[in-house]
Amino acid sequence: MRKWLEKPYHSLDYMLQDRFKEKVYKITLNGGMSCPNRDGTLGNRGCIFCSAGGSGDFAADPSQSVSAQIESQMSLIQKKRPVQKFIAYFQAYTNTYAPVSYLRPLFFEAIRHPGVVALSIGTRPDCLGEDVLTLLSELNTIKPVWVELGLQTIHADTAAYIRRGYPLSTFEAAVKNLHARNLEVIVHTILGLPGESSEQMLETINYLNCQPIQGIKLQLLHVLKGTDLADDYLAGKFQTLSREEYLDLLISCLEHLSPDLVIHRVTGDGPKNLLIAPLWSSAKRSVLNDLHHMMKVRNTWQGRLYKEDLYD
């Protein structure tokens, strides 16, 4: 059985220590941007699962400068752990949804910080114009730049339900353009979306094995207060996965994923003041311990069922 340090999957922590030779922490930033799914361009209410914070509920205070956000989060982490290297992660909303004249000073301020070893930018595939790609390529010559894309699912019916707002072809074009510029791509998926079977979720996983990406986030579906998803949940239109169902599904996804893909997330911990369901997800450490134990008992690991020739 292949192992990456103590884990049976190719974890982000393993990759960072292998690349940077020491512990690296991610700090989440807020660049003060919006989203075409919120400003009226595509819609006004965001994706159906997205909170008012635009998936940046753990990000720093947007009223502060980028440097101040970095310094404040570094200070909090360093009070607990002797960490010297950090990834600057622009997380909230769509972080390329602004003119390059706005983006350039934000991103350069972050990437030039001496404690930052890489820049990670969360965005949408339909917000990567040629001018933005040129900027990202320039930044990538300074330090590594990762682009995180919210795909969630490959299935058109589900994508319409969650109000994703772009077709799969747009995602494919974005990945192709980023790959051509040697920019690392991390794809966000959600497991447990209403109406999707386990087989459909594995189809998304197998599809991503065919894409020139470097990492993936396997996110448990959360129901958060103030979202339209919460209205559907409270109306009894769907149920969230139980802990046992999620772990079974997650293990299956890991077994089918290429061992070369870095696993940036295997669960999630929505803000406790917003989380409606599943409440068990708030015990993140316990969930991770169960995952590792179950994979050990089952003698399985990432890529065990991956067959490269199936994805050529």
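The present account deals with the structure reproduced in this document. Please read all numbers here as calculations on a predicted model, not as lab measurements. (Residues numbered from 1 in each chain as written. Predicted model: local features only at pLDDT ≥ 70, side-chain atom pairs only at ≥ 80, totals over all residues. Heavy atoms only, no water.)

1. Focus on the overall build of the protein
Point 1. A count of helical and extended segments in the protein gives ten helices and nine strands.
Point 2. Rg of the C-alpha trace for the protein: 19 Å, near the compact-globule value of 20 Å for 312 residues, within the 12% margin.
Point 3. Per-residue burial for the protein yields a buried fraction of 56% across its 312 residues.
Point 4. Within the protein, counting contacts between residues at least 6 apart in sequence, those at least 24 apart form 82% of the total.
Point 5. Here the protein displays about 13700 Å² of accessible surface, and carbon together with sulfur accounts for 50% of that area. (Helix = DSSP H or I, 4+ residues; strand = E, 2+ residues; numbered from the N terminus. Rg over C-alpha atoms; globule rule 2.2 N^0.38 Å. Buried < 20%, exposed > 50% of the residue type's maximum accessible area, 1.4 Å probe, protein only. Contact = heavy atoms within 4.5 Å. Areas by Shrake-Rupley, 256 points an atom, 1.4 Å probe, with all protein chains shown as cover.)

2. A closer look at the packing of helix α7 (residues 198-209) against helix α9 (residues 243-256)
Point 1. At a closest axis distance of 10 Å, the pairing of α7 and α9 adopts a crossing angle of 25°. Considering the angle they form, α7 stands roughly parallel to α9. Here α7 and α9 pass one another in a crossing that is right-handed. Facing Ser198, Met201, Leu202, Ile205, Asn206 and Asn209 of α7, the residues of α9 in contact are Leu249, Ser252, Cys253 and His256.
Point 2. Split into classes, the residues belonging to the contact of α7 with α9 amount to five nonpolar, five polar and no charged. (Axes fitted to C-alpha atoms, helices over the stretch in contact; angles between N-to-C directions. Parallel < 35°, antiparallel > 145°, perpendicular 65-115°, else oblique. Left-handed = near helix turned anticlockwise from the far one by under 90°. Nonpolar A, V, L, I, M, F, W, Y, C, P; charged D, E, K, R; others polar.)

3. Section: the environment of aspartate 260
Point 1. With respect to the helices and strands, the residue aspartate 260 is situated in the loop between α9 and β8 (262-265).
Point 2. When neighbours within four sequence positions are excluded, aspartate 260 is seen to be in contact with His10 and Gln214.

4. So, the packing of helix α2 (residues 66-78) against helix α3 (residues 100-111)
Point 1. Where α2 meets α3, the axes come as close as 9 Å, and the angle between the chain directions of the two elements is 35°. Seen from above, α2 lies across α3 with right-handed handedness. Contacts from Val66, Ser67 and Ile70 in α2 reach Leu106, Glu109 and Ala110 in α3.

5. Observations regarding the pattern of salt bridges
Point 1. A complete count under the given rule lists 15 salt bridges for this structure.
Point 2. Two residues, aspartate 290 and arginine 243, come together in a salt bridge whose shortest N-O distance is 2.7 Å. Of the two residues, aspartate 290 sits in helix α10 (residues 284-297) while arginine 243 sits in helix α9, which places them 47 residues apart along the sequence.
Point 3. Aspartate 290 gets classed as partly exposed once you look at its relative accessible area, which sits at 28%. (Salt bridge = Lys/Arg side-chain N within 4 Å of Asp/Glu carboxyl O.)

6. Re unusual backbone geometry
Point 1. Cis geometry is adopted by the peptide bond preceding proline 278, which originates at alanine 277 and carries an omega value of -10°.
Point 2. When you line up the elements, proline 278 lands in the loop between β9 (275-277) and α10.
Point 3. You will see that leucine 5, though not glycine, has its phi angle at about 60°, which is positive.
Point 4. Considering the arrangement of structural elements, one finds leucine 5 in the segment before α1 (12-20).
Point 5. Positive phi outside glycine occurs at asparagine 182, with the angle close to 60°.
Point 6. Along the chain, the position of asparagine 182 falls in the loop between α6 (168-180) and β5 (184-191).

7. Comments concerning the sheet that holds strand β4 (residues 145-152)
Point 1. Strand order across the open sheet formed by seven strands is β1-β2-β3-β4-β5-β6-β8, with parallel pairing between neighbours. Either end of the sheet is taken by a strand with one partner, and the two such strands are β1 (24-29) and β8. Each adjacent strand pair in this sheet contributes to an overall mean axis angle of 25°, direction not counted.
Point 2. Strand direction decides the pairing type here: strand β3 (residues 116-123) and β4, joined by five bridges, are parallel. Considered in β4, the bridge of isoleucine 121 is made with valine 147.
Point 3. On top of the sheet, α7 reaches β4, β5 and β6 (215-220); it is set at about 175° to β5, its chief contact.
Point 4. Lying on the sheet, α9 is in contact with β5, β6 and β8; it crosses β6 at an angle near 165°. (Pairing = 2+ DSSP bridges.)

8. Structural notes on α3
Point 1. Helix length check: α3 (twelve residues) gives 16 Å between terminal C-alpha atoms against 16 Å at 1.5 Å per residue, within 8%.
Point 2. For α3, every residue scored as buried is listed here: Val100, Leu103, Leu106, Phe107, Phe108, Ala110 and Ile111.
Point 3. On the buried face of α3, the contacting elements are β1, α2, β2 (85-90), β3, α4 (130-140) and β4. (Expected span 1.5 Å × (residues − 1).)

9. Examining the state of the cysteines
Point 1. In the structure shown here, the tally under the stated rule is zero disulfides.
Point 2. We note that cysteine 47 lacks a disulfide partner, and the nearest cysteine sulfur, in cysteine 50, lies 6.2 Å from it.
Point 3. Of the residues examined, cysteine 47 reaches a relative accessible area of 16% and is grouped as buried.
Point 4. Of all cysteine sulfurs in the structure, the one in cysteine 35 sits closest to cysteine 127, which takes part in no disulfide; the separation is 6.7 Å.
Point 5. Owing to a relative accessible area of 8%, cysteine 127 belongs among the buried residues under this scheme. (Disulfide = S-S within 2.5 Å.)

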